[in-house]
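Architecture at a glance
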Amino acid sequence: MRILVTGGAGFIGSNFVHHVLDTHENDEIVTLDALTYAGSKANLEGVLDDPRHEFVEGDIRDQELVTDLVADVDAIVNFAAESHVDRSIEGAKPFVSTNVQGTQTLLDAANEVGIDRYLQISTDEVYGQVLDGTFSEDDPLNPRNPYAATKAGADLLANSFQTTHDLPVVISRTSNNFGPRQHAEKLIPKFIQNAAAGEALPVYGDGSNVREWIYVEDNCRALDLVLREGSIGEVYNIGSHAEKTNLEVTEAILDAVGASDDLIEFVEDRAGHDQRYALDTEKIEALGWEPQYSFEEGLERTVDYYLD
Ligand code: NAD
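Summary of the structure given here. (Residues numbered from 1 in each chain as written. Predicted model: local features only at pLDDT ≥ 70, side-chain atom pairs only at ≥ 80, totals over all residues. Heavy atoms only, no water.)

Examining the sheet that holds strand β10 (residues 235-238)
Taken together, seven strands build an open sheet; the order of strands is β3-β2-β1-β4-β5-β6-β10 and the sheet is parallel. Both outer strands of the open sheet, β3 (53-57) and β10, are each paired with one neighbouring strand and no more. Within this sheet the neighbouring strands show an average axis-to-axis angle of 20°, counted without direction. As paired strands, strand β1 (residues 2-6) and strand β2 (residues 28-33) are joined by five bridges and run parallel to one another. Paired with R2 across the two strands is E28, which belongs to β2. (Pairing = 2+ DSSP bridges. Helix = DSSP H or I, 4+ residues; strand = E, 2+ residues; numbered from the N terminus. Axes fitted to C-alpha atoms, helices over the stretch in contact; angles between N-to-C directions.)

Written out as structure tokens, the structure is:
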């Protein structure tokens, strides 16, 4: 299979590129990435010279470029996005532009030239918060921050291309990822680096917000499965059931780095901060997937990576 991976120089996208090239010897990948502040070619070290991999620096909103690239692949996996909630609260415009219009550009190209499979990478945040229980794929979308709203918009658009144009779309919705190659603005890498430097770890509110943490390699295996074996028109939740409060994550990081709890600093809460996300994952499990890393194993690997 020849796959166009957009956003492949970012955190999850680059891990996915490495995963596919490592596990499918006949596959080829074209990585399209605009190299925004969040993307780095260093994340693709080891595959930049691989004859099965081509890196293209460019924007998913560039219709001509995208149509050219899509004409030469069997599948698209769209990771490219503005991905940081805090930045979307400061200004939503780039989020609407890349996450919604960028997705539309890819869908238009796929529809024009034809494609075997289009995987839209989405997030548990599109469901909004859930105080008890879990969200299943059929639950209504109720995004509560601008980032999540643009991701929900992209999901709806992708789904509409499936029902209207018969485009072979599949959507994945994963919980919070952690692991190597994540940008230092995100909670786990930032806290590891602050802890190692003896700097404060700023915890929002009282630290009671709960997230379901999945090690990025487990997510990449699940996405690979959804790409190849997911049913067209379906959504797949991907989660680990490893629920942690932000304070628990912070304490685990301090422990792993060997730093003092005194570095914890409670700061004003994020506006509209969702209290808890949790996913029902029966559907992806029915495809034969389960996570291989516990939170603790994943964190040990992640801490080793960043301290290196
Ligand atoms: P990231 O910010 O690390 O990477 C995004 C990549 O997209 C970067 O390399 C960036 O340069 C690129 N990009 C941004 N705008 C672009 C554009 N207009 N054209 C081409 N490339 C562009 O993000 P991530 O954490 O790896 O997330 C990847 C995807 O997974 C996103 O769609 C995100 O919504 C989704 N997701 C992330 C998580 C998570 O915990 N990180 C969880 C669920 C879903």
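The discussion continues.
Thoughts on the side chain of R276
On the secondary structure map, R276 appears in the loop between β12 (264-267) and α9 (282-286). What makes R276 buried here is its relative accessible area of 13%. Polar contacts involving the side chain of R276 include one to the main-chain carbonyl oxygen of G133, which spans 2.8 Å. Not counting residues within four places of it along the chain, the set of residues in contact with R276 comprises G128, Q129, V130, L131, D132, G133, V210, R211 and E243. (Buried < 20%, exposed > 50% of the residue type's maximum accessible area, 1.4 Å probe, protein only. Polar contact = N/O pair within 3.5 Å; in protein donor to acceptor, adjacent residues only side chain to side chain. Contact = heavy atoms within 4.5 Å.)

Observations concerning unusual backbone geometry
The phi dihedral of L35 falls on the positive side, at around 50°, and the residue is not glycine. On the secondary structure map, L35 appears in the loop between β2 and β3. Unusually for a residue other than glycine, D166 sits at a positive phi of about 65°. Here D166 shows up in the loop between α5 (146-165) and β6 (169-174).

By themselves these figures say nothing about function.
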